[in-house]
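# A closer look at the structure
Spelled out, the chains give:
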Amino acid sequence: MSQRRKLAAGNWKMNGLQAQLDEVAALAGAHTDPGCDILICPPATLLSRMADRAAGSFVAVGGQDCHPALSGAHTGDISARMLADAGASHVIVGHSERRTDHGEQDAVVRGKAEAAIAAGLVAVVCIGETLEQREAGETLRVIGTQLAGSVPDGIDAASLVVAYEPVWAIGTGKVPTLGQIAEVHNFMRAGLVARFDRAADGVRLLYGGSVKPSNATEIFAVSNVDGALVGGASLKADDFGGIIAALERA
Ligand code: PEP
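Residues numbered from 1 in each chain as written. Predicted model: local features only at pLDDT ≥ 70, side-chain atom pairs only at ≥ 80, totals over all residues. Heavy atoms only, no water.

## Quick notes on the site of the ligand
With respect to spatial proximity, 14 residues lie near the ligand, and among them K13, E165, G171, S210 and G231 are the closest. Backbone polar atom of G231 to an oxygen atom of the ligand: 2.8 Å apart, as the coordinates give it. Computed on the free molecule, the ligand has an accessible area of 290 Å², of which 95% lies beneath the protein chains in the complex. Of the residues in the shell around the ligand, the class split is four nonpolar, eight polar and two charged. (Near = heavy atom within 4 Å. Polar contact = N/O pair within 3.5 Å; in protein donor to acceptor, adjacent residues only side chain to side chain. Areas by Shrake-Rupley, 256 points an atom, 1.4 Å probe, with all protein chains shown as cover. Nonpolar A, V, L, I, M, F, W, Y, C, P; charged D, E, K, R; others polar.)

The following block contains the structure:
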């Protein structure tokens, strides 16, 4: 198994005005030699200014979505190249809120991931089952389908991160059991290895869904959990710092 550097990724969603940039400055100041990678994905309106504030620090900045095309007549959309131009190094694609709110299917997510990688970004591909799917015993089938459909061919480990985010755990305070997280993460690793062979060893697998400083340590001890994608708890430097500290200890 290759040594995967852990990743703490924050997704600010549709939250954050200029004043919140101070949180990034605080985060950067508190983690001058972090034992893991740190990423914040602010709304697009803050991306460039956040990148400026984070410049020279260990905090990377990413987008929350991109269009599959490089450019063109797509009013309101943002291309991966634009994100890179604004200072992003990563972009989240296929978040369940995009899949639900905008009807994004696996093929679209895959196109976005391909565009991201072509623009030199790391694609953070999100997958996860709904509560109904879990209760119907369909979790691994859904995860397998989403993984196969959303992850592009010919990946290299440095440009792909996969986040397992059970839809029912996002923003709800509900978290799967550690056994459930392990089952899905081991399944994802096996699926990626079957498809990509050794290249899959280095792909980081994040867990996302109601991660907090209080539950981070036990989640990070689960096999094949290489970090977290964090929503609500990434908005405050103190909370996110607690999760980063847990990841550094893992
Ligand atoms: C997310 O939005 O990706 C997420 C995991 O949110 P939260 O941490 O708030 O559940």
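## Section: the pairing of strand 7 (residues 204–208)
The element strand 7 is extensively covered by neighbouring structure, given that five of its five residues are classed as buried. Side chains of strand 7 alternate between two faces, with R204, L206 and G208 and L205 and Y207 buried alike. Where strand 6 (residues 160–164) meets strand 7, four bridges bridge the pair, whose relative direction is parallel. What sits directly across from A163, in strand 7, is L206. Taken together, strand 6, helix 8 (residues 178–196) and strand 7 constitute a β-α-β crossover, and its handedness is right-handed. The β-α-β motif built from strand 7, the intervening helix 9 (residues 213–220) and the parallel element strand 8 (residues 227–230) has right-handed crossover chirality. (Buried < 20%, exposed > 50% of the residue type's maximum accessible area, 1.4 Å probe, protein only. Helix = DSSP H or I, 4+ residues; strand = E, 2+ residues; numbered from the N terminus. Pairing = 2+ DSSP bridges. Right-handed = clockwise from strand over helix to strand, strands pointing away.)

## Overview of helix 9
Given 3.6 residues per helical turn, the α-helix brings residues three or four places apart onto the same face. Looking only at helix 9, the buried set comprises N215, A216, I219 and F220. Here the buried residues of helix 9 occupy an arc of 130° about the axis, which is enough to place them on one side. Those residues of helix 9 that are buried are in contact with helix 8, strand 7, strand 8 and helix 10 (237–249). (Arc of directions from axis to C-beta. Contact = heavy atoms within 4.5 Å.)

## Some details on the state of the cysteines
Taken as a whole, this structure holds zero disulfides when the rule is applied. Free cysteine C36: the closest other cysteine sulfur is in C41, separated by 14 Å. No disulfide involves C66; its sulfur sits 11 Å from that of C41, the nearest cysteine. For C66, a relative accessible area of 1% puts it in the buried group. (Disulfide = S-S within 2.5 Å.)

## Some details on the pairing of strand 1 (residues 7–11)
Across the five residues of strand 1, five count as buried, placing the element largely inside the fold. Here strand 1 shows no split at all, with L7, A9 and N11 on one side and A8 and G10 on the other all buried. The handedness of the strand 1 to strand 2 (residues 37–41) crossover, carried by helix 1 (residues 21–30), is right-handed. Note: strand 1 against strand 8, four bridges, orientation parallel. Bridging across to strand 8, G10 finds its partner in V230.

## Here we look at the sheet that holds strand 3 (residues 59–63)
The strand order 1-2-3-4-5-6-7-8 describes a closed barrel built from eight strands, whose pairing is parallel. The sheet shows a mean angle of 25° between the axes of neighbouring strands, taken without regard to direction. Pairing geometry for strand 1 and strand 2, over five bridges, is parallel. Of the residues in strand 2, the one forming a bridge with N11 is C41. The strands touched by helix 2 (residues 44–54) are strand 2 and strand 3; relative to strand 3, the strand with the most contacts, the crossing angle is about 170°. Helix 5 (residues 106–118) rests against strand 4 (90–93) and strand 5 (122–127) of the sheet, and its axis sits at about 165° to strand 5. (Axes fitted to C-alpha atoms, helices over the stretch in contact; angles between N-to-C directions.)

## Concerning the pattern of salt bridges
The full count for this structure, using the stated rule, is 18 salt bridges. The partner of R99 in a salt bridge is D106, and the shortest N-O contact between them spans 2.6 Å. The burial state of R99 is the same as that of D106; both residues are buried. Across the salt bridge formed by E104 and K112, the nearest N and O atoms sit 2.6 Å from each other. Judged by its relative accessible area of 8%, E104 is buried. Owing to a relative accessible area of 5%, K112 belongs among the buried residues under this scheme. The network of salt bridges with shared partners includes D65, R98, E104 and K112. (Salt bridge = Lys/Arg side-chain N within 4 Å of Asp/Glu carboxyl O.)

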